[in-house]
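What follows is each chain in one-letter form.
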Amino acid sequence: SVTVAVGLGPVAVPVDIVVGVVGHHLLGPAVDPMWTAAQDTIVWQVRAPRVLLGAAVGSLLAISGATLQALVRNILAEPYLVGVSAGASVGAASVILFGGAVGSAALALPTAAFVGGLLATAAVFALARTGGRITPVRLILAGITLSYGLQAVTSTMIFLSDSRDGARGVLFWLLGSLGASRWSSVPLPAVLLVVGLLLLWRRSGDLDAIALGDDVALSLGVSPVGFRILAFTITAACVAAAVAVAGPIGFVGLVVPHTGRL
């Protein structure tokens, strides 16, 4: 599907040309290239990073949604429920509106969004933790409460900004988009995807246990509090990485886990 997707667009590129161009850049120059310079640019510079970033971001949101649905035992749980997206939005808006010279740096926006998402996660932990425990209900309520608060902060920053272009930039970022994808955007979500998927896959049995309830998990030797903190931290890092490079993209993290279960 990734190979076919790279070939789709206003200028159609055959699959064999896509494979040839990618092989040319990864394995070395072709002896007798069958493609034009325009096709090379379209495939390698424009579409390949966009499609790969879309695959990585979609995968991050999907595994995060599946994990959260098990952690909070709610089939309507989705990655942005826990405040990560709202925190990332505050970080991104801060750079776009008030970053000045720093905001023009290539990595300033994704870095600020990533850090904002992680700080929001820490705040959710602080709100949800009581008596050394983090229950699913408190986790959801803390995430929703913090999300509304941070959304208000973002809206206030837009309102107070004197830059019309900056305000439009924030609103465009909040829509979520893969349109500005570059090869430099791919490593962060790709690394988080590999690490997060492996860590969660290794603990898939514990995830099944906690989805059946804390009492069942305890009887099977799984610490609900410890595992919930670990899995929530991994999920938050994955979502923060996805939001940092593509903005908030909804629906995927909610629906894909249910589709996968079919």
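Residues numbered from 1 in each chain as written. Predicted model: local features only at pLDDT ≥ 70, side-chain atom pairs only at ≥ 80, totals over all residues. Heavy atoms only, no water.

1. Regarding the nonpolar core
With 60 residues, the main nonpolar core has V57, L60, L71, L139, F227 and F232 as its most contacted residues. Sorting elements by how many residues they give to this core places helix α11 (residues 224-246) first, with 15 residues. Not counting the four nearest positions on each side in its chain, L139 is found in contact with V72, V124, A128, I134, R228 and F232. Judged by nonpolar contacts, the second largest core, of nine residues, contains V18, W35, W44 and V51. (Core = buried A, V, L, I, M, F, W, Y, C linked by side-chain atoms within 4.5 Å. Buried < 20%, exposed > 50% of the residue type's maximum accessible area, 1.4 Å probe, protein only. Helix = DSSP H or I, 4+ residues; strand = E, 2+ residues; numbered from the N terminus. Contact = heavy atoms within 4.5 Å.)

2. Quick look at the packing of aromatic side chains
According to the stated counting rule, one finds two aromatic pairs in the structure shown. An angle of 40° between the planes, with centres 4.7 Å apart, marks the rings of W44 and W183 as tilted. Placement of W44 in helix α3 (residues 37-71) and of W183 in the loop between α7 (164-175) and α8 (187-202) is noted, with a sequence separation of 139 residues between them. W183 sits in the partly exposed class, given a relative accessible area of 31%. Consider the rings of F125 and F232, whose centres lie 4.9 Å apart with planes at 75°: the pair is edge-to-face. Note that F125 is positioned in helix α5 (residues 108-128) and F232 in helix α11, a separation of 107 residues in sequence. With a relative accessible area of 18%, F125 lands in the buried category. (Phe/Tyr/Trp six-rings, centres within 6.5 Å; stacked < 30°, edge-to-face > 60°.)

3. Here we look at the layout of surface pockets
In this model, the largest pocket occupies a volume close to 570 Å³. Forming the boundary of the largest pocket are 23 residues, of which L109, P110, A180, A244 and V245 lie nearest the centre. Secondary-structure elements contributing two or more residues to the lining of the largest pocket are α5, α7 and α11. No other element matches α5, which puts four residues into the lining of the largest pocket. Considering only residue class, the lining of the largest pocket consists of 15 nonpolar, eight polar and no charged. Volume-wise, the second largest pocket comes out at about 310 Å³. (1 Å grid on protein atoms, 1.4 Å probe; cavity = no way out; pocket = protein on both sides within 12 Å on 5 of 7 lines; lining within 4 Å. Points joined across faces, edges and corners; volume = space filled by probe spheres on them. Nonpolar A, V, L, I, M, F, W, Y, C, P; charged D, E, K, R; others polar.)

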